[in-house]
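# Observations on the three-dimensional arrangement
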Amino acid sequence: MRKFSFSIWILLGTLVGIAVGTAVSFLLPTRYEATVELQVVPCKVPERFVGPVLAPPIQQRLKELTMRLLSRAVLTSVIQNLNLYPQERDRLPMEDVLEIMRKDVRVRTQSENSHTTVHLSFRYTERYLTKKVAEDLTVRLMDEYLRNEVAYQYMTVEFLGSMLDKASGQWLGLKQGK
């Protein structure tokens, strides 16, 4: 008789667990996640020409870009342009809404050999807006990265030009000295 009552308790506990789990899953809002992966292969001039000083490491540059991406100005623009978090914006100050969005955006980097992969993801309750925000943030990240890359390339060209002028001057000095 005892084995039978123990089995009933296990069965009853299992059924209650299934019922509670099902009820909770229907009560929680559906959350969608859009993820974008970008492979970054930076342009590289050999260090023997320019030294390691000219451009910071790619990880550091991506960290700075991520901080700019999650800045108040950028996130406020995205929130207002796509009308995100309407209920939260009605009852919370904008700083709190920005913190909610920062928790929903995830940017991480992974380095392998000569390239780095950036994983950007966004979670939200509406499928279309989730995809749209992930695309918007990706475009902003890529634009900022390319702008920085062009600036570093310009600095590299300027540096190499000055080194060439210096070397030409030294060569002419040596040639005239002979």
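Once a new chain begins, its residue numbering starts again from 1 and follows that chain's sequence as written. Given that the model is predicted, a residue must reach a pLDDT of at least 70 before its local features are reported, and side-chain atom pairs must reach 80 or more before they are shown or counted; all residues, however, enter totals for whole chains, interfaces and linings. The side-chain values count all of the structure's non-hydrogen atoms but skip hydrogen atoms and water molecules.

### Points about a nonpolar patch on the surface
The line we're drawing: Excluding any residue in a salt bridge, patches collect residues exceeding 30% relative accessible area, merging like charges within 9 Å and nonpolar Val, Leu, Ile, Met, Phe, Trp and Tyr side chains within 5 Å. For every accessible area listed, the method is Shrake-Rupley and the probe measures 1.4 Å; residues are considered covered only by the protein chains on display. A carboxyl oxygen of Asp or Glu within 4 Å of a side-chain nitrogen of Lys or Arg is what we treat as a salt bridge. Each helix corresponds to a stretch of at least 4 residues labelled H or I by DSSP, and each strand to a stretch of at least 2 residues labelled E; elements are numbered beginning at the N terminus.
Judged by side-chain polarity, W9, L12, V16, V20 and V24 come together as a nonpolar surface patch covering roughly 490 Å² of accessible area. Along the chain, the position of V16 falls in helix α1 (residues 2-27).

### Section: the sheet that holds strand β2 (residues 105-112)
This is how it is decided: When DSSP locates at least two bridges between a pair of strands, those strands are taken to pair. Angles shown run from 0 to 180 degrees and are taken between the N-to-C directions of axes, each axis being a line fitted to C-alpha atoms and, for helices, limited to the stretch in contact.
Read across the sheet, 3 strands follow the order β1-β3-β2 without closing on themselves; strand pairing throughout is antiparallel. The open sheet has two edge strands with one neighbour each: β1 (32-40) and β2. Each strand of the sheet is rotated relative to its neighbour by a mean of 15°, with strand direction disregarded. As paired elements, β2 and strand β3 (residues 115-124) share 8 bridges and run antiparallel to each other. Opposite T109, over in β3, you have V118 as the bridge partner.

### What about the packing of aromatic side chains?
Inclusion rule: In summary, the pairing rule links any two rings of Phe, Tyr or Trp, Trp by its six-membered ring, whose centres are within 6.5 Å, and it sorts them by plane angle into stacked for under 30 degrees, edge-to-face for over 60 and tilted for everything else. Remark: exposure states derive from per-residue accessible area (1.4 Å probe, protein chains only) relative to the maximum for the residue type, with buried under 20%, exposed over 50%, and partly exposed in between.
Per the counting criterion, the structure on display carries 2 aromatic pairs. Here the aromatic rings of Y85 and Y124 are separated by 5.1 Å at their centres, their planes lie at 85°, and the arrangement is edge-to-face. Here the residue Y85 occupies a position in the loop between α4 (72-82) and α5 (86-91), and Y124 occupies one in strand β3, the gap between them amounting to 39 residues. You can call Y124 buried: its relative accessible area is 4%. Look at F122 and Y124: their rings are 5.9 Å apart centre to centre, the planes differ by 25°, and that puts the pair in the stacked class.

### Some remarks on the environment of I100
Here I100 lies in helix α6 (residues 94-104). You can call I100 partly exposed: its relative accessible area is 27%. Along the chain, I100 and E88 lie 12 residues apart, while their C-alpha atoms are 9.1 Å from each other.

### What about the nonpolar core?
Using the following cut-off: Residues enter a nonpolar core if they are buried and are Ala, Val, Leu, Ile, Met, Phe, Trp, Tyr or Cys, with the set joined through side-chain atoms within 4.5 Å. Between two residues, a contact is recorded if the distance between any of their heavy atoms is within 4.5 Å.
Core analysis: the largest hydrophobic core is formed by 26 residues, its most contacted members being L84, Y85, M101, V133 and L137. For M101, the contacting residues outside a window of four places in its chain are L75, V78, I79, L84, Y85, F122 and V133.

### Re the packing of α4 against α6
Inclusion rule: Oblique is the label for any angle not covered by the other classes, which are roughly parallel (under 35 degrees), roughly antiparallel (over 145) and roughly perpendicular (65 to 115). Here the nonpolar group is Ala, Val, Leu, Ile, Met, Phe, Trp, Tyr, Cys and Pro; Asp, Glu, Lys and Arg are the charged ones; every other residue, Gly included, is treated as polar.
Packing of α4 against α6 leaves a shortest axis separation of 10 Å and a crossing angle of 90°. With respect to α6, the element α4 is oriented roughly perpendicular. Of the residues in α6, those touching α4 at R72, L75, T76, V78, I79 and Q80 are M94, E95, V97, L98, M101 and R102. Classifying every residue of the contact of α4 with α6 by side-chain character gives 7 nonpolar, 2 polar and 3 charged.

### Digging into the pairing of β3
Of all 10 residues in β3, 9 are buried; the element is thus mostly enclosed. The pairing of β1 with β3 spans 9 bridges and is classified as antiparallel. The partner of E37 across the bridge, within β3, is H119.

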